[in-house]
Amino acid sequence: MTTHKNKIGLLTMSRVYNYGSALQTYATIKAIQNLGHDVELIDYDFPSRFTYGWKTAIKNIIKTPLGLSDAQKPKKFHRFWKEYYPTSVSYSREDLLLNPPSYDVYMVGSDQVWNPSHGDITFLLDFLNDRPCYRVSYASSIGVNNLPKSYAKTFRDNLSLFNRVSVREESDVKTVKKYADVDAKCVCDPTMLLTKSEWQQLKSVNGNKRIVEGRYILAYILDYSYNPYPFAKDMIDRISKELNLPVVFLDAKMGQLKYGYKIVNNCGPIDFLDLISNASFLITTSFHGTAFAANLGVPFCSIVKSLGYSDSRMVSLLIKINAENQIVECNKMPDVNSLLCFDRDGIKARIENFRSESIDFLSNILNSAK
């Protein structure tokens, strides 16, 4: 516990319909509170925030008879935000520039807040200009190794004003040094700051009722970065055959209907937590799917485009915790038996070390504010 209490203003990609974003925001808030500080989420209404509009509503009408509707998903996210986010008033970018809120510490992170493809420099805390403010980042992610010139100068100018910088990927340590000449520390994703028992406490708010009864393989396949099909299906079917277990497919689209898997849509953040924690095996292309499986001790494999792909988030994490055996390169069918030899105890011990080191860093930067 800290000997003095600071008021932390947290800026991250919150209030989007994304499980990882919602749960990393929750975990950051919880970790700060655990250290004895007050925290408020800066409710920045960033332009790229995804909303459910009339087009989505029409699609859900079409998808409802097929079991693919996710019309209840926004309601579950809104309930989660209301329950667990201590939030400021809503700010547009113009609001922040004209009248920024006042805190002892301004913190940005985690998630891909510094990815130049978003083009939003608000996450560099530029709205503070050259005010004498205490600025830090926790586990901010860039997502690419090379920054475009249009972004690089702003990146350098603003990061030079930060008191402490930490990032989520080892590759980003090099990127920050290269483009901003700033030393950054690699820390764990906020979701790993919380223990398995802490996540179980959150999951228990839904009671003991499970989303899916019995044993199952969970498939959580995102395709916005690259198309993992048809390899992903082949991988799922191989694991299903080897373990003799049914497949549950989270957030399926129209194209996945033909696979014949049990489909679970309309999930909120706590449902996501339930599905992963109760799975016998997870197959995913998701960073946060990977992080939660590792942290909760659920056997998994993470499909990546290639080991040298610029989006190295999963590879960086799994190397850090010595779980490289769980990496599967797309279109390279692995030895399935090696994936199933899951080093649960070893991974748990290495995550505990990484967590302890990261909490020490977080405590230090928050207590250093004057």
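**Details of the nonpolar core**
Soluble globular proteins tend to bury their nonpolar side chains together.
Inference 1: The biggest cluster of nonpolar side chains holds 72 residues, and the ones touching the most others in it are Phe80, Met107, Trp199, Leu218, Ile321, Leu362 and Leu366.
Inference 2: In terms of residue count, the dominant contributor to this core is helix H1 (residues 19-34) (eight residues).
Inference 3: With residues up to four places along the chain from it excluded, the contact list for Leu366 reads Asn6, Ile8, Ile32, Leu35, His37, Val105 and Met107.
Inference 4: Membership of the second largest hydrophobic core comes to 33 residues, among which are Tyr103, Leu159, Val167 and Ala180.

**Examining unusual backbone geometry**
Peptide bonds are trans in most cases, and residues, glycine excluded, mostly fall at negative phi.
Inference 1: Here Gly109 and Ser110 are connected by a cis peptide whose omega angle stands at 0 degrees.
Inference 2: One can find Ser110 in the loop between strand E4 (105-108) and strand E5 (135-137).
Inference 3: With an omega dihedral of 5 degrees, the bond running from Tyr229 to Pro230 counts as a cis peptide bond.
Inference 4: Backbone geometry places Arg15, a non-glycine residue, at a positive phi of 55 degrees.
Inference 5: Position of Arg15 relative to the elements: it lies in the loop between strand E1 (7-11) and H1.
Inference 6: The backbone of Asn266 shows a phi angle near 60 degrees, a positive value even though the residue is not glycine.

**Examining the pairing of E1**
Inference 1: Counting buried positions along E1 yields four of five residues, so the element is predominantly enclosed.
Inference 2: Of the pairings in the sheet, the one linking E1 to strand E2 (residues 38-44) comprises four bridges and is parallel in character. Paired with Lys7 across the two strands is Asp38, which belongs to E2.
Inference 3: The β-α-β motif built from E1, the intervening H1 and the parallel element E2 has right-handed crossover chirality.
Inference 4: Relative to E4, E1 runs parallel, the two sharing four bridges. Within E4, the residue paired with Leu10 across the bridge is Met107.

**Observations concerning helix H13 (residues 344-367)**
Note on helix geometry: an α-helix contains 3.6 residues per turn, so any two residues three or four positions apart are oriented the same way.
Inference 1: Compared with an ideal rise of 1.5 Å per residue, which puts 24 residues at 34 Å, H13 spans 34 Å between its outermost C-alpha atoms and is within 8% of the ideal.
Inference 2: Of all the positions in H13, only Gly346, Ile347, Ile351, Phe354, Arg355, Ser358, Phe361, Leu362, Ile365 and Leu366 are classed as buried.

**With respect to the sheet that holds strand E12 (residues 300-304)**
Inference 1: Strands sit in the order E10-E9-E8-E11-E12-E13 across an open sheet of six strands; the sheet is parallel. Edge positions in the sheet fall to strand E10 (262-264) and strand E13 (327-329), since each of these pairs with one other strand and no more. With strand direction ignored, the average angle separating the axes of adjacent strands in the sheet is 25 degrees.
Inference 2: The pairing of strand E8 (residues 217-220) with strand E9 (residues 247-250) spans three bridges and is parallel. Its bridge partner being in E9, Ile217 is matched across the sheet by Val247.
Inference 3: Relative to E8, helix H9 (residues 269-277) is tilted by about 135 degrees, and along the sheet it contacts E8, E9, E10 and strand E11 (281-284).

**Things to note about the sheet that holds E5**
Inference 1: Spatial strand order, E3-E2-E1-E4-E5: five strands in an open sheet with parallel pairing. Because the sheet does not close on itself, it has two edges, and the strands there are strand E3 (87-91) and E5. On average, each strand axis in the sheet is inclined to that of its neighbour by 25 degrees, with strand direction left out of account.
Inference 2: Sitting on the sheet, H1 touches E1, E2 and E4, and the angle it makes with E2 is about 155 degrees.
Inference 3: Relative to E4, H13 is tilted by about 145 degrees, and along the sheet it contacts E1, E4 and E5.

What counts and what doesn't
- Residues numbered from 1 in each chain as written.
- Predicted model: local features only at pLDDT ≥ 70, side-chain atom pairs only at ≥ 80, totals over all residues.
- Heavy atoms only, no water.
- Core = buried A, V, L, I, M, F, W, Y, C linked by side-chain atoms within 4.5 Å.
- Buried < 20%, exposed > 50% of the residue type's maximum accessible area, 1.4 Å probe, protein only.
- Helix = DSSP H or I, 4+ residues; strand = E, 2+ residues; numbered from the N terminus.
- Contact = heavy atoms within 4.5 Å.
- Pairing = 2+ DSSP bridges.
- Right-handed = clockwise from strand over helix to strand, strands pointing away.
- Expected span 1.5 Å × (residues − 1).
- Axes fitted to C-alpha atoms, helices over the stretch in contact; angles between N-to-C directions.

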